[in-house]
Amino acid sequence: MNFIRIIKFDFMNIIKNPSLLFSNTIFPLILIGVMGFVTRNSFGAGEANSYDYYGVNMMIFMAMLIAMTASNAFMEETVKKGNIRIVYAPVSKIEIYLSKLISTYLFGTVSFSVLLFVEQTFFNINFGGRNIIYIILLINMLLLFGCSLGTLFCCIFKSEEGASGMLQIPVAIFTVLGGVFFNIHRLGRIVDIMCYLTPVKWVQVCAYKIIYDNDFSIYMLVLTILISCSIACIIISQIIFKPEEYV
Amino acid sequence: MDIKMNNIVTVKNLEKSYNTKKAVDGINFEVKRGEILGLLGPNGAGKSTTINILATILSADKGEITILGNNLKKDIRLIKQGIGVVPQDLAIYEEISAEKNVRFFASLYNIKGKQLEKQVKEALELVALYDKKDDKPKTFSGGMKRRLNIACAIAHNPQLIIMDEPTVGIDPQSRNHILESIKILKERGAAVIYSTHYMEEVEAISDKIIIMNEGKIIAEGTKEELNQKVNQEITYFFDVKNVNKSMNKQFYEIAGVTKAQISEDIVEITSEKSYDNINEIISVIIKNGCKIKSMNCKEASLETVFLELTGRNLRD
């Protein structure tokens, strides 16, 4: 019962934070609009226009950035102060960090699901039409991985500053290799292979297969890999996290 | 959780090391129901380590700890249910109201409904913040935040309250209020472990005092017992007219006098307490043509006791 109570409380803390609310609701729309507008002449009269392309890519990019929201929910200075008392309460170690992870994930799930639906319905961005539900689930699994990664970095670096600073490195590597802003696979075979080492690329390829080819051949595989990576992050967090260091 | 036994905390042979350094080295003590235990010691004495172990967030290397009749190694959740911790750093949410802070933390102890409302109100009243219940802590003064920090720790009516420097950096009015609140908690039957650097606070509220140094308990007892252990001397101060500095030698001829110091108009005589020699000291002063304007005496304070035992000042 305490677990649910803390998740609810953390969820409310995220919603009350204007910068987190903005970066996970309005900002993705602005990003898609700007990138789509700037590159609109680079896309031919094919099936996908610049807004469709950056619609998918920016949502993947922002889903990866949820890791920052997770580290904020866990270790942001004003929140951390109060969280210290939870360590003294009859709450187990796993409930402490898992509550932050789940509250961020729930927040991300709600905001990104609504965003995807709104973008397709009102802005005509192609997320697969009726297949949008699969894209929502795919993005949600990437959100889970992002939240788990953010929580893990908090457990390792023990402060929001440290965690956020270090998180920028894997997030940048994932997004650059994943070709979120521009494709880099043309840079050679080795780079092309490296691109497939990032979950962002798998999600991107999987999403395009579903949207444009109605092809689900790698869907379950990508979901399984994302869930496995998330579980791995949670297991390492359980080993590393020491409540006394949080205090 | 209602236990019949009188001992709230029993610590036996507690040891804790960080790498090769022993932070706590085989300490033993007990805290009884309705008792305030003052924990004194300079930085690095092992107070915070002891407190963190009792607060269940740090595990001991060796030793046996029983809190509220439960073994610390086996029944952590039961123990957590019965203790309240006031950490040195403020552990409150600044962005939500004082009442919501207290209610949220109390609810983590499975208190619900009307009982929760009642206990939240009582906790806020105890620290005199009920009229500010709807205000956010970010608008509070340092002293008010400290009081809210205490309210959050006691709203679930814990039987053991662990306080780590709860009055650091606050105004005297808030400090007095906090000390009064602690006395009320004691009257209600709670046991309190109170760690501080402020000697006068320990003297004012503690039933029993433990002095720690380098991980060990170097003295334990009531304030009077500790004073007796080291305080064998008394110093008399005479404010006199017509000082005759040549009388200095005569004081040393009086049995028990260990030190005599004469300045412009003050005669300071230190004597062993076991000697009843005040009349002789006064007669020496009068015989030498001095006129006594006033007189007072001073026994060693707890600060002196501490210095004597550790060789260090408390705030070192």
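Everything below is about the structure printed above this text.
Small disclaimer: the values here were computed from a predicted structure and weren't measured.

*Asks:* Please give an account of the overall build of chain B that cites residues and values.
*Replies:* Of regular secondary structure, chain B possesses 11 helices and 14 strands. Considered along the principal axes of its C-alpha atoms, chain B spans approximately 80 × 45 × 35 Å. Considering chain B as a whole, with its 316 residues, one finds that 51% of them fall into the buried category. When contacts within chain B are restricted to residue pairs at least 6 apart in sequence, long-range pairs at least 24 apart make up 69% of them. When the accessible area of chain B is evaluated, it comes to approximately 14,600 Å², of which 45% is carbon and sulfur surface.

*Asks:* Lay out unusual backbone geometry with the relevant residues and their values.
*Replies:* Residues other than glycine seldom take positive phi values, yet Lys 158 of chain A does so here, at roughly 65°. Within the element layout of this structure, Lys 158 of chain A appears in the loop between helix 8 (132–157) and helix 9 (160–177). For Asn 13 of chain B, which is not glycine, the phi dihedral falls at a positive 50°. The residue Asn 13 of chain B is located in strand 1 (residues 7–18) in this model.

*Asks:* An account of helix 6 (residues 77–88) of chain A is requested, with residue identities and associated values reported.
*Replies:* By the criterion of burial, helix 6 of chain A is predominantly enclosed, with nine of the 12 residues buried. Among all positions of helix 6 of chain A, only Val 79, Lys 80, Gly 82, Asn 83, Ile 84, Arg 85, Ile 86, Val 87 and Tyr 88 of chain A are buried.

*Asks:* Can you break down helix 4 (residues 113–126) of chain B residue by residue, with the values?
*Replies:* Residues and elements named next belong to chain B. With 14 residues, helix 4 extends 20 Å from end C-alpha to end C-alpha; this agrees with the ideal 20 Å at 1.5 Å per step. Taken together, the buried positions of helix 4 are occupied by Leu 116, Gln 119, Val 120, Ala 123, Leu 124 and Leu 126. Around the axis of helix 4, the buried residues are gathered within 160° of arc, so they sit on the same side. The inward-facing, buried residues of helix 4 abut helix 3 (98–107), helix 5 (142–154) and helix 6 (172–187).

*Asks:* So what's going on with the sheet that holds strand 10 (residues 216–221) of chain B? Which residues, and what values?
*Replies:* Strand pairing in a sheet takes place through backbone hydrogen bonds and is either antiparallel or parallel in direction. Residue and element names in this part refer to chain B. With mixed pairing, the six strands of this open sheet are ordered in space as 6-7-8-3-9-10. Both edges of this open sheet fall to strand 6 (83–86) and strand 10, since each of them pairs with a single strand only. With direction set aside, neighbouring strand axes in the sheet form an average angle of 15°. As defined by bridge partners, strand 7 (residues 160–164) adjoins strand 8 (residues 191–195) across five bridges and the pair is classed as parallel. For Leu 160, the partnering residue across the bridge sits in strand 8 and is Ala 191. Of the strands in this sheet, strand 3 (36–40), strand 6, strand 7, strand 8 and strand 9 (208–213) touch helix 1 (residues 47–54), which is tilted by about 150° from strand 7.

*Asks:* Let's hear about the side chain of Glu 165 of chain B: which residues, and what values?
*Replies:* Residue and element names in this part refer to chain B. One can find Glu 165 in the loop between strand 7 and helix 6. Buried charged residue Glu 165 carries no salt bridge. Nearest counter-charge: Lys 47, at 4.5 Å. A polar contact of 3.1 Å, which involves the side chain of Glu 165, links it to the side chain of His 197. When near neighbours in sequence (up to four residues on either side) are disregarded, Glu 165 contacts Lys 47, Gln 88, Arg 146, Ser 195, Thr 196 and His 197.

*Asks:* A description of the pattern of salt bridges should follow, citing residues and the corresponding values.
*Replies:* Scanning the entire structure with this criterion turns up 23 salt bridges over all chains. Two residues, Glu 95 of chain A and Arg 77 of chain B, come together in a salt bridge whose shortest N-O distance is 3.8 Å. Linking Glu 95 of chain A in helix 7 (residues 93–123) with Arg 77 of chain B in helix 2 (residues 76–82), this pair reaches from one chain into another. The partner of Lys 133 of chain B in a salt bridge is Asp 134 of chain B, with the nearest N and O atoms 3.8 Å apart. Linked through salt bridges whose partners overlap, the residues forming this network are Glu 15, Lys 22, Asp 25 and Lys 216 of chain B.

What counts as what
Residues numbered from 1 in each chain as written. Chains lettered and ligands numbered in written order. Predicted model: local features only at pLDDT ≥ 70, side-chain atom pairs only at ≥ 80, totals over all residues. Heavy atoms only, no water. Helix = DSSP H or I, 4+ residues; strand = E, 2+ residues; numbered from the N terminus. Buried < 20%, exposed > 50% of the residue type's maximum accessible area, 1.4 Å probe, protein only. Contact = heavy atoms within 4.5 Å. Areas by Shrake-Rupley, 256 points an atom, 1.4 Å probe, with all protein chains shown as cover. Expected span 1.5 Å × (residues − 1). Arc of directions from axis to C-beta. Pairing = 2+ DSSP bridges. Axes fitted to C-alpha atoms, helices over the stretch in contact; angles between N-to-C directions. Lys, Arg positive; Asp, Glu negative; His and termini not counted. Salt bridge = Lys/Arg side-chain N within 4 Å of Asp/Glu carboxyl O. Polar contact = N/O pair within 3.5 Å; in protein donor to acceptor, adjacent residues only side chain to side chain.

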